[in-house]
Amino acid sequence: MQKYVEHKQNVEIIVRILSREEWEKEQRELGHKDVKPIVNEKASFTQTFIYWLMEYGIGLIAAPTIKAELRAPDGSLIKTFTSLNELSVVTRDTTDAGIKVRIIDSSSDSYTFRYLNINSKRYEEEAMAIRHTFTQNYTKGSDQIADITVITYVTGCVA
Amino acid sequence: MLRGFSSVFIGDLLWRHGISKINNATIKARLFDEAGNIVKEFETLNTLDFIELPVDNYKNSYIKVVVLDTSNATYNFKRIVVYFRYNDEEYPAIIYDFDAQYTKPSDRVVEITVSIGIERLIPIT
C-alpha cells in the first residue's frame, strides 16, 4: 500500500511604492498587518530550499523513541513503531520534494487501522509531524504483513 | 482527500529552521529588472517571520518577508529573490516574478511583502 499527499503553496505579494512621508505616517499610525495569502502561481519556493527543509525534517522524525503509530478508525492507538523501514527525502521532478516513510509490520498481530501518525523530536519536545488519514480502513490479519509507504510532498516549487 | 503535515511540524519547527537559513544568508534578497540585472541587494530584511492562519478549518503556515528600500536610488524591478544559506553556500529560497515591471523613483520608498507557505495542514480541532 502506498499513499502520498501534496501540499500546494500559497503566496501573497504586496508591492507598495510610497512617498517617504506617506510611509513614515503609516508606520506611526498603522504598522504592519498580516495578510491572508492567496494562490499565486508566479511565486514559489525553490526545490532546493524545500529539499533542505525536508532533510532537516527527517532528522527530527528520526529522533523520537516512538517514531510512528497506527491508529484505529476511532482514533485509538493500536500499534507503535520504534523504527522505520525507510525514512528519506524524495523528489519526483524539479518541482517538488517530499518525505517518504515506510513501515513494515510482520508480527502476528491482527488489527484494523485508518490513521498513521509519524512523530518528531526537537530537543526534548516530541510532537506529531505527519498524520495520514487513509481513504479507507485497512485490516491486517495475523497471517499477513502490513507494508505501508507514505510520501508527503510540497509541490509547485521551481528548480 | 489525504492530508499530511501537522501544523506543529511544518508550521513551527520547519519554518523556524527555514527562517534561520534565510537569516544566515549574506545577501538576503535581491531585486532584478526585466533583463535579469541585479538592481538592488538587501543585506537585512525589514520582516522575517512565520505566520499561521486558519482557512476553512485548516491551518496554513507561511514565511513572511518584507523588504524595504528607503534609499534615493532609482531603478526598475520585475523579480524578487530571497536567499538562504546552507553548508557555506547560498541559494535562492523564494522567487517571485511580478506581473509588470515596477519603477522606484528617487523620492519614493519601496516596500515589498512576500508571504509564502503551505496550505491545508491538519484540520483545526
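Thresholds applied
Residues numbered from 1 in each chain as written. Chains lettered and ligands numbered in written order. Predicted model: local features only at pLDDT ≥ 70, side-chain atom pairs only at ≥ 80, totals over all residues. Heavy atoms only, no water. Helix = DSSP H or I, 4+ residues; strand = E, 2+ residues; numbered from the N terminus. Buried < 20%, exposed > 50% of the residue type's maximum accessible area, 1.4 Å probe, protein only. Contact = heavy atoms within 4.5 Å. Areas by Shrake-Rupley, 256 points an atom, 1.4 Å probe, with all protein chains shown as cover. Core = buried A, V, L, I, M, F, W, Y, C linked by side-chain atoms within 4.5 Å. Expected span 1.5 Å × (residues − 1). Salt bridge = Lys/Arg side-chain N within 4 Å of Asp/Glu carboxyl O. Phe/Tyr/Trp six-rings, centres within 6.5 Å; stacked < 30°, edge-to-face > 60°.

A. Molecular detail of the overall build of chain A. For chain A, the helix and strand inventory stands at 2 helices and 10 strands. Reading the secondary structure of chain A in the N-to-C direction produces β-β-α-β-α-β-β-β-β-β-β-β. Looking at chain A as a whole, 46% of its 159 residues are labelled buried. Considering only residue pairs separated by 6 or more positions, chain A has 70% of its internal contacts joining residues 24 or more positions apart. Counting every atom, chain A has about 7900 Å² of accessible surface; 45% of that belongs to carbon and sulfur.

B. Structural context of the nonpolar core. Membership of the largest hydrophobic core comes to 56 residues, with the highest contact counts inside it found for A:Phe45, A:Ile103, A:Leu116 and B:Ile112. Setting aside anything within four residues of it in sequence, one finds A:Leu116 in contact with A:Ala68, A:Glu69, A:Leu70, A:Ile103, A:Ile130, A:Arg131, A:His132, A:Phe134, A:Ile148 and A:Val150. Counting residues in hydrophobic clusters, the runner-up holds 5 residues, among them B:Ala25, B:Phe32, B:Val81 and B:Ile95.

C. Helix α2 (residues 47-61) of chain A, seen in detail. Under the 1.5 Å per step criterion, the end-to-end length of α2(A) is 20 Å for 15 residues, consistent within 8% with the ideal 21 Å. Considered for burial, the residues of α2(A) that qualify are A:Gln47, A:Phe49, A:Ile50, A:Leu53, A:Met54, A:Gly57, A:Ile58, A:Leu60 and A:Ile61.

D. Inspection of the pattern of salt bridges at higher detail. Residues and elements named next belong to chain B. This model, assessed by the stated rule, comprises 11 salt bridges over all chains. For Asp69, the salt bridge identified is with Lys40, shortest N-O distance 3.6 Å. Of this pair, Asp69 sits in strand β4 (residues 58-69) while Lys40 sits in strand β2 (residues 38-42), placing them 29 residues apart in sequence. Classification of Asp69 as buried rests on a relative accessible area of 3%. The residue Asp97 makes a salt bridge to Arg79 at a minimum N-O spacing of 2.5 Å. One end of the pair, Asp97, is in strand β6 (residues 89-104); the other, Arg79, is in strand β5 (residues 75-86), with 18 residues separating them in the sequence. A relative accessible area of 27% places Asp97 in the partly exposed class. Residue Arg79 is classed as partly exposed on the basis of its relative accessible area of 31%.

E. Looking closely at the packing of aromatic side chains. Tallied over the full model, the rule gives 15 aromatic pairs over all chains. Between the aromatic rings of A:Phe45 and B:Trp15, the centroid separation amounts to 5.5 Å while the plane-to-plane angle is 45°, which identifies the pairing as tilted. Of the two residues, A:Phe45 sits in strand β3 (residues 43-45) while B:Trp15 sits in helix α1 (residues 7-23), which places them in two different chains. Residue classification places A:Phe45 among the buried residues on the basis of a relative accessible area of 0%. For B:Trp15, a relative accessible area of 1% puts it in the buried group. Both rings, one in B:Phe98 and one in B:Tyr102, keep their centres 5.5 Å apart while their planes meet at 80°; by these two values the pair is edge-to-face.

So far we have only geometry, and geometry alone does not tell us how the molecule works.
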